[in-house]
Amino acid sequence: MTETAFPHRHLLGIADLSAADIVQVLDLGDTFLEIGERPIKKVPTLRGRTVINLFFENSTRTRTSFEIAAKRMSADAVNISAAASSTTKGETLIDTARNLMAMRPDVIVVRHAMGGAAHMLARSVDCAVVNAGDGQHEHPTQALLDAATIRRHKGRRDAPPDQQLAGLTVAIVGDIAHSRVARSNLLALTRLGAQVRLCAPWTLIPRGIEDLGGAETRARCRVVPQLAEALDGVDVVMMLRVQNERTGGEAPRFANTREFSRTYGLSPRTLGFAKPDAIVMHPGPINRGVELAPEVADGDRAVILEQVTWGVATRMAVLYLLGGVRGGEAAAA
Ligand code: NCD
């Protein structure tokens, strides 16, 4: 494998990545995808490395995906979940991090309810840190696996990095306000050349979201609150769950779930607004019958389970780039 150095010590957000960095992860993920198809799904690439999954928020897909990714590359993966951690006994994140550091991990993968937690951790440890979701802020590996899935179906791998998704329009529909997936995807997809439409009731669209990535997102992102208009002629529909667990004591932002589902749900009828070959994506977990009708979730346009498969390959690529080649050591996949 030709080795280009990845110019980052950590993966904290898409905001830090150039189009070329994103494509480097995606290309490497492409080569790792095949390992999951083998009868023996293991390569020695990260043998002797230790990956700690430190999850302060619930997770099924992301935690498992990182664990499988680490194990497929022969790293030792250790999982720590919030309920089992000493934070419930009052330990601060920084103290937890220092104690974990004393065990000499190579990579810490962290998910936390607070925006900026991964950045804070990265400042206090001397191993690589991967953000697996920090509050409503970023979820970079989700955006990378989503970009990999879109590129596989609709993109141009041979184009320059900033044009690999050029000419495509992606509608991101649902609870944009509370979604780190929406923010990371907005940055990643526009950086690769796609146009993005954000669709939700105004109460679920943060003011100024189009400016999130500066001139690039300003030029390529549009807020379109009407579902029919947002989906009109798009190549990709990405649906998001309403994140009730993040609304805390806030006043409700829409009348009720039934109303939300009727106005913003993707059904065979509303999918009809998109291009006939548009793909349907969802980061999971799906609230069946709310944002996504079961016929669509299980239909032949949905690539939702493919996203999960790409998730493992993409995370293998991330762990390889951050935890594999250190101190001049060469690692071969
Ligand atoms: C998302 C998350 O946790 O941000 N899920 C995921 O990582 N696959 C989205 C969600 O919880 O709705």
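Before reading further, recall that the structure is shown in the block above.
What counts as what
Per chain, residues are indexed from 1 in the order of the written sequence. Per-residue local features of the predicted model are confined to residues with pLDDT of at least 70, and side-chain atom pairs are confined, for both listing and counting, to 80 or more; whole-chain, interface and lining totals are unaffected and use all residues. The basis for the side-chain values is all heavy atoms of the structure; hydrogens and waters are excluded. Helix numbering and strand numbering both begin at the N terminus, where a helix is a DSSP run of H or I of at least 4 residues and a strand a DSSP run of E of at least 2. Throughout, radius of gyration means the C-alpha value; the globule benchmark is 2.2 Å times the number of residues raised to the power 0.38. Partly exposed residues are those whose accessible area sits between 20% and 50% of the maximum for their type, while under 20% is buried and over 50% is exposed, using a 1.4 Å probe and protein chains only. Two strands qualify as a pair provided DSSP detects at least 2 bridges between them. Geometry is summarised by axes, namely lines fitted to C-alpha atoms with helices restricted to the contacting stretch, and by angles between N-to-C directions that run from 0 to 180 degrees. To be near a molecule or strand, a residue needs just one of its heavy atoms within 4 Å of it. Here a polar contact is taken to be a pair of N or O atoms separated by no more than 3.5 Å, where protein atoms must pair a possible hydrogen donor with a possible acceptor and residues adjacent in sequence count only if both atoms sit in side chains. Areas reported here follow the Shrake-Rupley algorithm with a probe of radius 1.4 Å; residue values treat only the protein chains shown as occluding. Residues are grouped as follows: nonpolar covers Ala, Val, Leu, Ile, Met, Phe, Trp, Tyr, Cys and Pro; charged covers Asp, Glu, Lys and Arg; every other residue, Gly included, is treated as polar. Whether two residues touch is decided by their heavy atoms; if any such pair falls within 4.5 Å, the residues are in contact. Each Phe, Tyr or Trp ring, with Trp reduced to its six-membered ring, pairs with another whose centre is within 6.5 Å; inter-plane angles below 30 degrees give stacked pairs, above 60 give edge-to-face pairs, and intermediate values give tilted ones.

A.B. asks: Now, about the overall build of the protein chain: what can you tell me, with residues and values included?
C.D. replies: From N to C terminus, the protein chain includes 12 helices and nine strands. What you see for the protein chain is a C-alpha radius of gyration of 19 Å, in line with the 20 Å of a compact globule of 333 residues. Along the first, second and third principal axes, the C-alpha set of the protein chain runs to 50 × 50 × 40 Å. Going through the 333 residues of the protein chain one by one, you find that 56% of them count as buried.

A.B. asks: Describe the sheet that holds strand β9 (residues 279–281), naming the residues involved and giving the relevant values.
C.D. replies: Strands sit in the order β7-β6-β5-β8-β9 across an open sheet of five strands; the sheet is parallel. The sheet is open, and its two edges are formed by β7 (221–223) and β9, each paired on a single side. Direction aside, neighbouring strands of the sheet carry axes that sit 20 degrees apart on average. Relative to β7, strand β6 (residues 195–199) runs parallel, the two sharing three bridges. Bridging across to β7, Arg197 finds its partner in Arg222.

A.B. asks: Describe in detail the site of the ligand, supporting the description with residues and values.
C.D. replies: The full set of residues close to the ligand is Arg61, Thr62, Arg111, His139, Gln142, Arg180, Val181, Arg241, Gln243, Pro283, Gly284 and Pro285. Residue Thr62 places a side-chain N or O atom 3.0 Å away from an oxygen atom belonging to the ligand. Gly284 places a polar main-chain atom, nitrogen or oxygen, 2.9 Å from a nitrogen atom of the ligand. In the complex, the protein chains occlude 94% of the 320 Å² of accessible area that the ligand would expose alone. Of all the secondary structure elements, the ones that give two or more residues to the shell around the ligand are α2 (61–72) and α6 (180–191). For the shell around the ligand, the class distribution of residues is three nonpolar, five polar and four charged.

A.B. asks: Give me the lowdown on the sheet that holds strand β1 (residues 50–55), citing residues and values where you can.
C.D. replies: Overall, parallel pairing links the four strands, which are arranged β2-β1-β3-β4 in an open sheet. Each edge of the open sheet carries a strand with a single partner, namely β2 (76–81) and β4 (128–134). Across the sheet, the mean angle separating the axes of adjacent strands is 15 degrees when strand polarity is ignored. The pairing of β1 with β2 spans six bridges and is classified as parallel. Opposite Thr50, over in β2, you have Asp76 as the bridge partner. Across the sheet, helix α12 (residues 304–323) touches β1, β3 (107–112) and β4, and the angle it forms with β4 is around 145 degrees.

A.B. asks: How would you explain the packing of aromatic side chains if you had to name every residue and give the values?
C.D. replies: Summed over all chains, the structure comprises three aromatic pairs. Look at Phe254 and Phe260: their rings are 4.8 Å apart centre to centre, the planes differ by 40 degrees, and that puts the pair in the tilted class. An aromatic cluster of at least three residues, connected via ring pairs, comprises Phe254, Phe260 and Tyr264.

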